[in-house]
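If you want the building blocks of each chain, they are given just below.
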Amino acid sequence: MSEFWRGRRVLLTGHTGFKGAWLALWLSQMGARVTGFALPPPSDPSLHALASASVFEHDIIGDLRDPAAVDAAYARAAPEVVLHLAAQALVRPSFADPVATYATNVMGTVHVLDAARRQGGVAAVVVVTSDKAYENREWHWAYREDEAMGGHDPYSSSKGCAELVTAAFRRSYFAADPDGAAVASARAGNVIGGGDWALDRVVPDCIRAFADGRKVALRSPGATRPWQHVLEPLAGYLALAERLATGVDRARFAAGWNFGPAEADAIAVGELVTTLARFWGDDAGWELDARPQPHEAHYLKVDASKARAELGWRPALGVTEALDWTVDWYRRQARGEDARELCLDQIARYRARMADADQGLIERA
């Protein structure tokens, strides 16, 4: 994987966010020339400020809703690969401001794809959406890539719309040009890991509460989600982008892809937090938040068998180990260890796991 990225010009949207900062570090470590484009970091502290701000050729603060700003970012980056992660990424804020959520997640995606259509030299575009893009029927089986898009709340619906936009651009503009950009979308599970300080996400809320000696209040402890360490889907995005850019059958990979955990790692929120509290220690725990809450899906899983079969991607960490890595990251960072070095250490350990999995030295369910 590293050799492909060495010297590769990459435009990464959402580089100031949690996943974007981890991905920027990984790309930089492999020798990519990364331009970031996003709003200012969404939290203080932020992983961008602590770990990744120095890795960019161009660190551009801009708004996806402004097509001229997106065009200018393309002009500076001259990208060969576009990784589009920028989004309004939370369910509850989408209820408070649906207009901004749709403007960012739908029209922002339109602006990114339209600029790629007009910009020469782009070989691959990966649009990252969400497992919540599916029309959730509360099934007990996992959603496959050909299931219907939908979404109950504005966030989920906007991600379903972004999938439809991506498919329409691919069919209307990119499929007819075999030498142009190959465009795919990626739907990941609920990511966890060190360096996430967002409000209204389960793990960061837990870390804040535990550090303060409080029990964390859970809205829906029985809700099942496909949990995975942040490095798992990032490995999938990188593998997918490489196939889109250089594969002998690039068009075969220009489609929608799920990157989710093993079946056993889709667990209830309460079980996740109980395990997280056990790793944290100090009598950490949780309690039920009995206040009225907006609608959230109760049961959600994604089937990543296509990525396993077609891309050779597979999870390298189970949810228990992912939680252990997450607690270790926050504990060490709170003791004064360097956030960037902590990330690079876990990236190196994860890549070693990937290599062991490829060689059949470890077995994941």
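Note that the coordinates shown come from a computational prediction; the quantities given were computed from them, not determined experimentally.

**Some thoughts on unusual backbone geometry**
That bond from Asp44 to Pro45 is cis: its omega, 10°, falls within 30 degrees of zero. Note that Pro45 resides in the loop between strand S2 (33-38) and helix H3 (47-52). The backbone of Asp283 sits at a positive phi, close to 60°, despite the residue not being glycine. By the element assignment, Asp283 lies in the loop between helix H11 (269-280) and strand S12 (286-288). Taking relative accessible area as the criterion, Asp283 reaches 77% and is therefore assigned exposed.

**As for the packing of helix H6 (residues 98-118) against helix H7 (residues 154-174)**
Between H6 and H7, the least distance of the axes is 9 Å, while the angle of their chain directions is 15°. Regarding the angle of H6 to H7, the classification is roughly parallel. In the crossing of H6 with H7, the sense of the turn from one axis to the other is right-handed. Side by side, H6 and H7 meet where Pro98, Thr101, Tyr102, Asn105, Val106, Thr109, Val110, Leu113, Asp114, Ala116 and Arg117 of the first sit next to Pro154, Tyr155, Ser157, Ser158, Lys159, Cys161, Ala162, Val165, Thr166, Phe169, Tyr173 and Phe174 of the second. For the contact of H6 with H7, a count of residues per class yields 14 nonpolar, 6 polar and 3 charged.

**A word on the sheet that holds strand S7 (residues 190-192)**
One open sheet holds the 3 strands; their spatial order is S7-S9-S11, and the pairing between them is mixed. The sheet is open, and its two edges are formed by S7 and strand S11 (266-268), each paired on a single side. In this sheet, adjacent strand axes meet at a mean angle of 50° when their direction is disregarded. Summarising the sheet, strand S9 (residues 224-229) and S11 pair through 3 bridges and their orientation is antiparallel. Bridge pairing in S11 links Thr224 to Ala268. The strands touched by helix H9 (residues 231-246) within the sheet are S7 and S9, with S9 carrying the most contacts at an inclination of about 70°. Packing against the sheet, H11 makes contact with S9 and S11, and its axis sits at approximately 85° to S11.

**Here we look at the environment of Gln228**
Mapped onto the elements of the fold, Gln228 is located in strand S9. C-alpha of Gln228 to C-alpha of Gly180: the two residues are 48 residues apart in sequence and 33 Å apart in space. Polar contacts involving the side chain of Gln228 include one to the main-chain amide nitrogen of Gly189, which spans 2.7 Å.

**Considering the packing of helix H2 (residues 18-29) against helix H14 (residues 339-358)**
Two quantities define a packed helix pair, namely the angle between the helix axes and the distance between the axes. Running from amino to carboxyl end, H2 crosses H14 at an angle of 70°, the nearest separation of the two axes being 10 Å. Taken as axis vectors, H2 and H14 run roughly perpendicular relative to one another. Relative to H14, the crossing made by H2 is right-handed. Across the interface between the two elements, Trp22, Leu25, Trp26 and Gln29 of H2 pack against Arg340, Cys343, Leu344, Gln346, Ile347, Tyr350, Arg351 and Met354 of H14. Class assignment of the residues belonging to the contact of H2 with H14 gives a composition of 8 nonpolar, 2 polar and 2 charged.

Here is what the cut-offs are and how they apply
Residues numbered from 1 in each chain as written. Predicted model: local features only at pLDDT ≥ 70, side-chain atom pairs only at ≥ 80, totals over all residues. Heavy atoms only, no water. Helix = DSSP H or I, 4+ residues; strand = E, 2+ residues; numbered from the N terminus. Buried < 20%, exposed > 50% of the residue type's maximum accessible area, 1.4 Å probe, protein only. Axes fitted to C-alpha atoms, helices over the stretch in contact; angles between N-to-C directions. Parallel < 35°, antiparallel > 145°, perpendicular 65-115°, else oblique. Left-handed = near helix turned anticlockwise from the far one by under 90°. Contact = heavy atoms within 4.5 Å. Nonpolar A, V, L, I, M, F, W, Y, C, P; charged D, E, K, R; others polar. Pairing = 2+ DSSP bridges. Polar contact = N/O pair within 3.5 Å; in protein donor to acceptor, adjacent residues only side chain to side chain.

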